[in-house]
Amino acid sequence: MVARRLQSLSGSGAVAAAAIGAIAVVAGWSWGVVLIAYFVAASVLSRFRASEKESRTGGRLEKGGARDAAQVLANGAIFALAAIGSATSPDPMWQALGAGALAASAADTWATEIGTLGRAAPRSILDWSPVAVGTSGGVTAIGFAGGVAGAASIALVTWLVGWSRIATVAALIGGVVGCVLDSAIGASLQARRWCAACGMATEQRLHGCGSPTTVTGGLRWLDNDGVNALSTVAGALFGATGARYF
Ligand SMILES: [Zn+2]
């Protein structure tokens, strides 16, 4: 309700977040604490110098401001599934899967929010060509550092709430791997759209100017939420698998 009041969540986003939060605490209060820490940090970062970031990305990003249900589920569904797994058949591996998934989401958010504020010009993660600020798959050193910090923030919280050590390691590995994959998929498979009225690339189906956009590349059905969902799956699997070696 606080997030809704602060307009960090839309109406549908608040319902989805409440559902994911309720599922999480079934696995134990620590799951709720990890989820809330993730959400508060992401919301604060999104708000920090928001108008400056908005003017830099200039209507390229798919969504801004209040998170809707699709965004909440894309970022939180794997974490909720891991919580259900943990509640039904307790095993530290569920914490590792959940931490890896949430860290991938945190890393992507932190990388985007911090990278957009950086002065460096982003380059495509695929061919290193210069791209406009706010382009999916565009990366900078400061953005990458932000992503690592985001992954570390989840690792820190899992450690503070006393989760198993593999969960903390999974957050670090899953966060960084998920963040890099998010950029790579965003640069390649994600639908690229074009607003003919403004003559600019965008992720929005209906551009901020009011004109519908056309798909110029990538997979038509794969939007930013889909890419985020894929990167949380990758974060869970790579994080939990990698953590077994530590
Ligand atoms: Zn337009």
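Preceding this section is the structure that the text describes.
Attention here is on the structure that accompanies the text. As the structure is a prediction and not an experimental result, all values here were calculated from the model.

Turning to the environment of C179, a few remarks are in order. With respect to the element layout, C179 can be found in helix 8 (residues 165–188). A relative accessible area of 8% means that C179 is categorised as buried. Along the backbone, C179 and F144 are 35 residues apart, and their C-alpha atoms lie at a distance of 8.4 Å. For C179, the residues in contact, after removing those within four places along its chain, are A107, D108, A111 and G147.

A few words on the pattern of salt bridges. Under the counting rule described, the total for this entry stands at three salt bridges. For E52, the salt bridge is made with R49, and the minimal N-O distance between the two is 2.9 Å. Relative accessible area serves as the criterion here: at 38%, R49 is assigned to the partly exposed category. The shortest N-O distance in the salt bridge between E113 and K53 comes to 2.6 Å. Taken together, the positions of E113 in helix 6 (residues 92–117) and K53 in helix 4 (residues 50–57) put the pair 60 residues apart, joining distant regions of the chain. Comparing E113 with K53 shows no difference in burial state: the two are buried.

About the cut-offs
Within each chain, residues carry numbers counting from 1 in the order of the written sequence. It should be noted that, the model being predicted, local features are given only for residues of pLDDT at least 70 and side-chain atom pairs only at 80 or more, the latter also being counted only at that level, while totals for whole chains, interfaces and linings use all residues. In computing side-chain values, all of the structure's heavy atoms are included and hydrogens and water are not. Strands are runs of DSSP state E lasting at least 2 residues, helices are runs of H or I lasting at least 4, and numbering of each runs from the N terminus. We call a residue buried when its accessible area falls under 20% of the maximum for its residue type, exposed when it is over 50%, and partly exposed in between, using a 1.4 Å probe and counting protein chains only. The contact definition used throughout considers only heavy atoms, calling two residues in contact when any of these lie within 4.5 Å. Any carboxyl oxygen of Asp or Glu that lies within 4 Å of a side-chain nitrogen of Lys or Arg is treated as forming a salt bridge with it.

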